[in-house]
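What follows is each chain in one-letter form.
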Amino acid sequence: MTGLEKVNIPIGYMPHDVDDYVEIRRQYLQKSKVSLIFPLYKNNFLNLYPEFATKVRWLPHHVNTEFFRDYNLYEGIDGLLIGRVSASFYQLRKKILEKMNGHPGFKYYIHPSDQPGNPALTVPEYPRLINQSKTFFTCCSSRKYALLKYFEVLACKTLLLADTCSDLIELGFKPNVHFVEINETNFYEKFLYYINNDSERNYIAANGYNFVRNHHTTKIRAHQLLSYIQSYFQS
């Protein structure tokens, strides 16, 4: 969007992959005279664009609990991996797929970005598929983003096996309380353990489910956005 520097109303900007096009983004923010910035990934944004720190109002990912919920479906999948793998910053996902591909009970759905023409899962299909799995693998990527999958999987009451990052910790995600923390050397061991220990798996999954529903829903995030905007006008 161009010409924002010519308007006389406050401007809000919500960046996604903040590590991409850093200098182009920096010049755009300066030229457009943005009033407030609502990054999904706070710490990365502040590290890359510290000069805009006073304008930052963190607005991380969230889930619509009408769709991302516990459908009480039969958990016929032991382990599930959905998402991009080919990108260089998804090294943990690559390791998981190399080890788990062909493993009984494991399913992998290829992301359309990794295989053009591969159909994307629809909103009704995606959360129901998560809810049918005992465990779900993902990662923060090497960029250490608090990605949307962390919120989606917990909201479907499925045990998440993933690494962690500073944004997640700051948002209240507690490793081995709300999800199980893994790395490149222990993910298979952790997978086997929780597949064979239903009570512990279900306990952590329930913790994560309640946590997301209490702190990270779309309704909660909408109220936060309104609060940020109202505070701006009152200052």
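Residues numbered from 1 in each chain as written. Predicted model: local features only at pLDDT ≥ 70, side-chain atom pairs only at ≥ 80, totals over all residues. Heavy atoms only, no water.

Enquirer: When you look at the environment of Leu 73 in this model, what are you seeing that I'm missing?
Expert: Structurally, Leu 73 is set in the loop between helix H2 (42–48) and strand E3 (77–83). Distance in space between the C-alpha atoms of Leu 73 and Pro 127 is 11 Å, their sequence separation being 54 residues. When sequence neighbours within four positions are dropped, the list of residues in contact with Leu 73 reads Arg 128, Asn 131 and Gln 132. (Helix = DSSP H or I, 4+ residues; strand = E, 2+ residues; numbered from the N terminus. Contact = heavy atoms within 4.5 Å.)

Enquirer: How do you make sense of the pattern of salt bridges when you look at a structure like this?
Expert: Applying the stated criterion across every chain, the model contains nine salt bridges. Of the charged contacts, one joins Arg 26 and Glu 51 as a salt bridge, the two residues approaching to 2.5 Å between their closest N and O atoms. With Arg 26 in helix H1 (residues 22–32) and Glu 51 in the loop between H2 and E3, this pair connects stretches of sequence that are 25 residues apart. The partner of Lys 144 in a salt bridge is Asp 163, with the nearest N and O atoms 3.3 Å apart. (Salt bridge = Lys/Arg side-chain N within 4 Å of Asp/Glu carboxyl O.)

Enquirer: For this particular structure, what's the right way to read the sheet that holds strand E5 (residues 133–137)?
Expert: By way of backbone hydrogen bonds, the strands of a sheet pair with one another, either parallel or antiparallel. Sheet architecture is open: five strands sit in the order E4-E3-E5-E6-E7, paired in parallel fashion. Looking at which strands have only one partner, the edges of the open sheet turn out to be strand E4 (106–110) and strand E7 (180–181). One ladder, built from three bridges, connects E5 with strand E6 (residues 159–162); its direction is parallel. Bridging across to E6, Phe 136 finds its partner in Leu 160. Strands E3, E4 and E5 of the sheet are contacted by helix H3 (residues 91–100), whose axis makes an angle of about 140° with E3. (Pairing = 2+ DSSP bridges. Axes fitted to C-alpha atoms, helices over the stretch in contact; angles between N-to-C directions.)

Enquirer: Any chance you could explain the state of the cysteines here in plain terms?
Expert: Disulfides are covalent bonds that connect the sulfur atoms of two cysteines. One pass over the structure, following the stated rule, counts zero disulfides. Cysteine Cys 140 is unpaired, with the sulfur of Cys 165 as its nearest cysteine sulfur at 3.8 Å. Cys 156 carries a free sulfur, and the closest cysteine sulfur to it, the one in Cys 140, is 18 Å from it. (Disulfide = S-S within 2.5 Å.)

Enquirer: Is there a simple way to think about the packing of aromatic side chains in this case?
Expert: The relation between two aromatic rings is expressed through the spacing of the ring centres and the mutual angle of the planes. Counted under the stated rule, the structure contains 15 aromatic pairs. Considering the side-chain rings of Tyr 41 and Tyr 145, the 4.0 Å spacing of their centres and the 5° angle between planes classify their relative orientation as stacked. Of this pair, Tyr 41 sits in the loop between strand E2 (36–37) and H2 while Tyr 145 sits in the loop between E5 and helix H5 (148–155), and the two are 104 residues apart along the sequence. Each of the two residues, Tyr 41 as well as Tyr 145, counts as buried. A connected cluster of aromatic rings, assembled from ring pairs, spans Phe 106, Phe 137, Phe 187, Tyr 188 and Phe 191. Between the NZ or CZ atom of Arg 143 and the centre of the ring of Phe 89, over which it lies, the distance is 4.4 Å. (Phe/Tyr/Trp six-rings, centres within 6.5 Å; stacked < 30°, edge-to-face > 60°. Buried < 20%, exposed > 50% of the residue type's maximum accessible area, 1.4 Å probe, protein only. Lys NZ or Arg CZ within 6 Å of the ring centre and 35° of its normal.)

Enquirer: Explanation requested: the nonpolar core in the structure shown.
Expert: One recurring pattern in soluble globular proteins: nonpolar side chains tend to sit buried together. The biggest cluster of nonpolar side chains holds 65 residues, and the ones touching the most others in it are Phe 45, Ile 96, Phe 137, Tyr 150, Leu 160, Phe 173 and Ile 182. Ranked by residues supplied to this core, first place goes to H5 with five residues. (Core = buried A, V, L, I, M, F, W, Y, C linked by side-chain atoms within 4.5 Å.)

Enquirer: Can you walk me through the side chain of His 216 in this structure?
Expert: Structurally, the position occupied by His 216 is in the loop between helix H8 (198–215) and helix H9 (218–234). Residue class for His 216 comes out buried when judged on its relative accessible area of 4%. Looking at His 216, its side chain comes within polar contact range of the main-chain oxygen of Leu 171, at 3.2 Å. Ignoring sequence-local partners within four residues, the contact set of His 216 consists of His 62, Val 63, Phe 151, Leu 171, Phe 173, Phe 211 and Arg 221. (Polar contact = N/O pair within 3.5 Å; in protein donor to acceptor, adjacent residues only side chain to side chain.)

Enquirer: In this structure, what is going on with the side chain of Asn 43? I would like to understand it.
Expert: Counting through the fold element by element, Asn 43 comes out in helix H2. One polar contact links Asn 43 to Asp 167, side chain to side chain, over a distance of 2.6 Å. When sequence neighbours within four positions are dropped, the list of residues in contact with Asn 43 reads Ser 166, Asp 167 and Glu 170.

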